[in-house]
Amino acid sequence: MSIQGVIFDKQEQLDKIWGWIIEEETLYAVYDCKGMGTGFVGITDRRLIFYDKRFLGKKKAMVSVPYSQIAAISSEDKSNLLTGRGFFSSSNIGIHTTGNAYYEFEFRGADKAHEAYQFILPHLK
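What counts and what doesn't
- Residues numbered from 1 in each chain as written.
- Predicted model: local features only at pLDDT ≥ 70, side-chain atom pairs only at ≥ 80, totals over all residues.
- Heavy atoms only, no water.
- Core = buried A, V, L, I, M, F, W, Y, C linked by side-chain atoms within 4.5 Å.
- Buried < 20%, exposed > 50% of the residue type's maximum accessible area, 1.4 Å probe, protein only.
- Helix = DSSP H or I, 4+ residues; strand = E, 2+ residues; numbered from the N terminus.
- Contact = heavy atoms within 4.5 Å.
- Salt bridge = Lys/Arg side-chain N within 4 Å of Asp/Glu carboxyl O.
- Pairing = 2+ DSSP bridges.
- Right-handed = clockwise from strand over helix to strand, strands pointing away.
- Phe/Tyr/Trp six-rings, centres within 6.5 Å; stacked < 30°, edge-to-face > 60°.

Undergrad: What is the right way to look at the nonpolar core in this model?
TA: Note on soluble globular proteins: their nonpolar side chains tend to be buried together. If you look at the biggest cluster of nonpolar residues, it comprises 20 residues, and the most contacted ones within it are Val 41, Leu 48, Ile 93, Ile 95, Phe 105, Phe 107 and Ile 120. Counting only elements with at least two residues in this core, the list comes to strand E3 (27–34), strand E4 (38–44), strand E5 (47–56), strand E6 (59–66), strand E7 (70–78), strand E8 (90–97), strand E9 (102–108) and helix H2 (110–120). Setting aside anything within four residues of it in sequence, one finds Ile 120 in contact with Ile 43, Leu 48, Tyr 67, Ile 73, Ile 93 and Ile 95. Counting residues in each nonpolar core, the second largest holds 10 residues, with Ile 17, Val 30, Phe 40 and Tyr 51 among its members.

Undergrad: In this structure, what is going on with the environment of Ala 116? I would like to understand it.
TA: Relative to the elements of secondary structure, Ala 116 occurs in helix H2. In contact with Ala 116, other than residues within four places in its own chain, are Tyr 31, Ile 43, Ile 93 and Phe 107.

Undergrad: Looking at this model, I keep getting lost on the environment of Val 63. Mind explaining?
TA: As for its placement among the helices and strands, Val 63 is situated in strand E6. For Val 63, a relative accessible area of 6% translates into the label buried. Spatially, the C-alpha atom of Val 63 lies 6.8 Å from that of Asp 52, the residues being 11 residues apart in sequence.

Undergrad: Hey, could you run me through the pattern of salt bridges in this one?
TA: Oppositely charged side chains can form a pair if their charged atoms are brought close together. In this structure the tally under the stated criterion is four salt bridges. Asp 32 is the partner of Lys 10 in a salt bridge, and the nearest nitrogen-oxygen pair spans 3.6 Å. Taken together, the residues span a long stretch of sequence, with Lys 10 in the loop between strand E2 (6–8) and helix H1 (11–18) and Asp 32 in strand E3 at a distance of 22 residues. The salt bridge involving Arg 108 is made with Asp 32; its shortest N-O contact spans 2.6 Å. Of the two residues, Arg 108 sits in strand E9 while Asp 32 sits in strand E3, which places them 76 residues apart along the sequence. Residue Asp 32 is classed as buried on the basis of its relative accessible area, which comes to 5%. Several salt bridges converge on common partners, so that one network encompasses Lys 10, Asp 32 and Arg 108.

Undergrad: Whenever I open this one, the pairing of E3 confuses me. Can you help?
TA: Of all eight residues in E3, six are buried, a share of seventy percent or more. In this sheet, E3 lies alongside E2 in parallel orientation, the contact comprising two bridges. Considered in E3, the bridge of Phe 8 is made with Val 30. For the crossover from E2 across H1 to E3, the handedness is left-handed.

Undergrad: Just checking my understanding: could you explain the packing of aromatic side chains for this structure?
TA: The geometry of an aromatic ring pair is captured by two quantities: the separation of the ring centres and the angle between the planes. If you walk through the whole model with that rule in mind, you get four aromatic pairs. Seen from their ring centres, Tyr 28 and Phe 119 are 5.2 Å apart, and the 5° between their planes marks the pair as stacked. Here the residue Tyr 28 occupies a position in strand E3, and Phe 119 occupies one in helix H2, the gap between them amounting to 91 residues. In textbook terms, an aromatic cluster arises when at least three aromatic residues are bridged by ring pairs, as seen for Phe 50, Tyr 103 and Phe 105.

Undergrad: Whenever I open this one, unusual backbone geometry confuses me. Can you help?
TA: Peptide bonds are, in most cases, trans, and in most cases residues other than glycine have a negative phi. Its identity is not glycine, yet Glu 24 carries a phi of approximately 70°, on the positive side. In this fold, Glu 24 is placed in the loop between H1 and E3. On the basis of relative accessibility, which here comes to 64%, the residue Glu 24 falls in the exposed class. The backbone phi angle of Asn 100 is positive, close to 65°, even though this residue is not glycine. By secondary structure assignment, the location of Asn 100 is in the loop between E8 and E9.

This is the structure:
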């Protein structure tokens, strides 16, 4: 789906991210994520914003990682012989920060990690 040029998977996730967007910031995408920690990740022209259930123990938090704090990005694409790429595949990216934090995002669909990687990479220095 796309609204005003923003790619997103779920409307309620897009709505939550909009509340965190600052003046003159451009939101590119909001991707739904699998796994226990992260529910979704927003990608802007300035940072990554993600909903993390692990960040404060049992509490839920919106976490913001500016591109200036990202040291590296890694991408893993998972698929198997039966499903190949597509609806039943998943894909991962890992974000390594200058403060030695590591965040992993498991996307729903094999192409979403590649899309996220393409949004993020041009902003890294």
